[in-house]
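Read off the chains here:
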Amino acid sequence: MGPCKAHISRLIVWCVAGLFCCVTTLLAQETRTLDPVYDGAGLDQKNGAYIPLDLVFNNERGEPTPLGAVVNGEKPVLLAMVYHSCPMMCNVVLDAMTAAMAEMEWTAGQEFDVLTISIAPEDTPETAREKKTQYLEKLGKSDVSGWHFLTGNESEIQQLADAIGFKYSYVEEIQQYVHPPILTFLTPDGQISRYMQGVSFSARDLRLSLVEASGGKIGTPKDFFILFCLQYDKEASAYVAHATNLMKLGGALTVLVLGVALYGLWRNEGQNGEPDVGLPT
């Protein structure tokens, strides 16, 4: 077998392997079971709605901080509504979010910002500061200027919760707030782009959600290619294979490889000295 034919054979093998990967990705999608939703807690998804940027909370230093000071049109924002004295759920969500952020190459304050806002009016800037210190240590990154822990009064908290469809309630019997495990992704101007539910988040899904929320302001060609191949599945709360786009990609790849193969065969015949047939002069 000549060099040209060997090269064509390798191209065909790569094409078949690529199509096989597409098919296996479609067949092997993993779905996650979400935790049960408690009475009085849940999510009314409001994709495309805007949060009220004039709401004022307090930062960890006790300084009044309008939401518009963070969601200021520059970067996408990851919003987590929790409360600082939560004995379990909030810590699980924040731990999972922090672990995913630690795996990412990006840093809060550079490519994106993070808002962690307490749903408990009794939380104070002091408790917020303690929580921030705890999670910055877990994150293990330096120069994290874009992770804000905010507290506020009941009115502001409820208005923000209503704006994103975040349903929570205080249960006297257990003296705890019940709420869904939710992350909300906001565009730089405060529009709701995506929700992510559950207690486990991958660095890949966080990154892709931030790329989408940014409107293309952040991300690499590889990110955009992955987003072409995947779509977000609300049921699985993760990015899964986009069947239509994968089939388009597979078809285009097949046409390309066949075209290269035919061109290579034509070139090989010419190099072997096959005479050209033409009209006599």
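Each remark here, short or long, concerns the structure printed above.
Note that the structure is a prediction, hence the values are computed from the model and not measured. Per chain, residue numbering runs from 1 following the sequence as it is written. Local features in this predicted model are restricted to residues of pLDDT 70 or higher, and side-chain atom pairs are both shown and tallied only at a pLDDT of 80 or more, whereas totals for entire chains, interfaces and linings draw on every residue. As a rule here, side-chain values come from all non-hydrogen atoms in the structure, and water together with hydrogens is ignored.

Chemist: When you look at helix H6 (residues 203–214) in this model, what are you seeing that I'm missing?
Modeler: Every α-helical turn comprises 3.6 residues, leaving residues that sit three or four positions apart pointing alike. Secondary structure is summarised from DSSP: a helix means a run of H or I of at least four residues, a strand means a run of E of at least two, and numbering begins at the N terminus for each. One less than the residue count of a helix, multiplied by 1.5 Å, gives the span that helix is expected to have. Under the 1.5 Å per step criterion, the end-to-end length of H6 is 16 Å for twelve residues, consistent within 8% with the ideal 16 Å. Relative accessible area decides the class of each residue, using a 1.4 Å probe on protein chains only: under 20% of the type maximum gives buried, over 50% gives exposed, and in between gives partly exposed. Most of H6 sits inside the fold, with ten of its twelve residues counted as buried. Of the positions making up H6, those classed as buried are Ala 203, Asp 205, Leu 206, Arg 207, Leu 208, Ser 209, Leu 210, Val 211, Ala 213 and Ser 214. Looking one or two residues past H6, Gly 215 carries a phi angle of roughly 70 degrees, positive in sign.

Chemist: What exactly am I supposed to notice about the sheet that holds strand S10 (residues 182–186) here?
Modeler: Picture the strands of a sheet paired through backbone hydrogen bonds; they go either parallel or antiparallel. Strand pairing is assigned whenever DSSP identifies at least 2 bridges connecting the two strands. Spatial strand order, S6-S5-S4-S10-S11: five strands in an open sheet with mixed pairing. Each edge of the sheet is formed by a strand with only one pairing partner; in this case those strands are strand S6 (147–150) and strand S11 (192–197). Adjacent strand axes in the sheet meet at a mean angle of 20 degrees when their direction is disregarded. As paired elements, S10 and S11 share five bridges and run antiparallel to each other. In the strand pairing of S11, Thr 184 is matched with Tyr 195. Contacts from helix H3 (residues 89–103) reach strand S4 (77–82), strand S5 (113–118), S6 and S10, with the element oriented near 160 degrees to S4. Simply put, an axis is a line fit to the C-alpha atoms, just over the touching stretch for a helix, and the angle between two N-to-C directions goes from 0 to 180 degrees. Residues are treated as being in contact if the distance between any of their heavy atoms lies within 4.5 Å.

Chemist: Which parts of the structure should I look at to understand the pattern of salt bridges?
Modeler: Where charged atoms from two side chains of opposite charge come close, those side chains can pair. Basic side-chain nitrogens of Lys or Arg form a salt bridge, by our definition, when they fall within 4 Å of a carboxyl oxygen of Asp or Glu. For the structure on display, the rule yields eight salt bridges. One salt bridge in this structure joins Asp 95 and Lys 138, with 2.7 Å as the shortest N-O distance. Here the residue Asp 95 occupies a position in helix H3, and Lys 138 occupies one in helix H4 (residues 125–139), the gap between them amounting to 43 residues. When salt bridges that share partners are traced, they join Glu 60, Arg 61, Glu 63 and Lys 132 into one network.

Chemist: Help me understand unusual backbone geometry, please; the structure alone is not making it clear to me.
Modeler: The backbone phi angle of Gln 175 is positive, close to 55 degrees, even though this residue is not glycine. If you trace the backbone, Gln 175 turns up in the loop between strand S8 (169–171) and strand S9 (176–178). Assessed through its relative accessible area of 58%, Gln 175 is described here as exposed.

Chemist: What should I look at first to understand the nonpolar core in this one?
Modeler: Most often, soluble globular proteins keep nonpolar side chains buried together rather than apart. Met 97, Met 101, Leu 183 and Leu 206 are the most contacted members of the largest nonpolar core, which has 59 residues in total. Top contributing element to this core by residue count: H3, with eight residues. Among all residues touching Met 97, those that are not within four sequence positions of it are Leu 78, Ala 80, Val 114, Thr 116, Trp 147, Leu 183, Phe 201 and Leu 206. Put simply, a nonpolar core is a bunch of buried Ala, Val, Leu, Ile, Met, Phe, Trp, Tyr and Cys residues held in one set by side-chain atoms that sit within 4.5 Å of each other.

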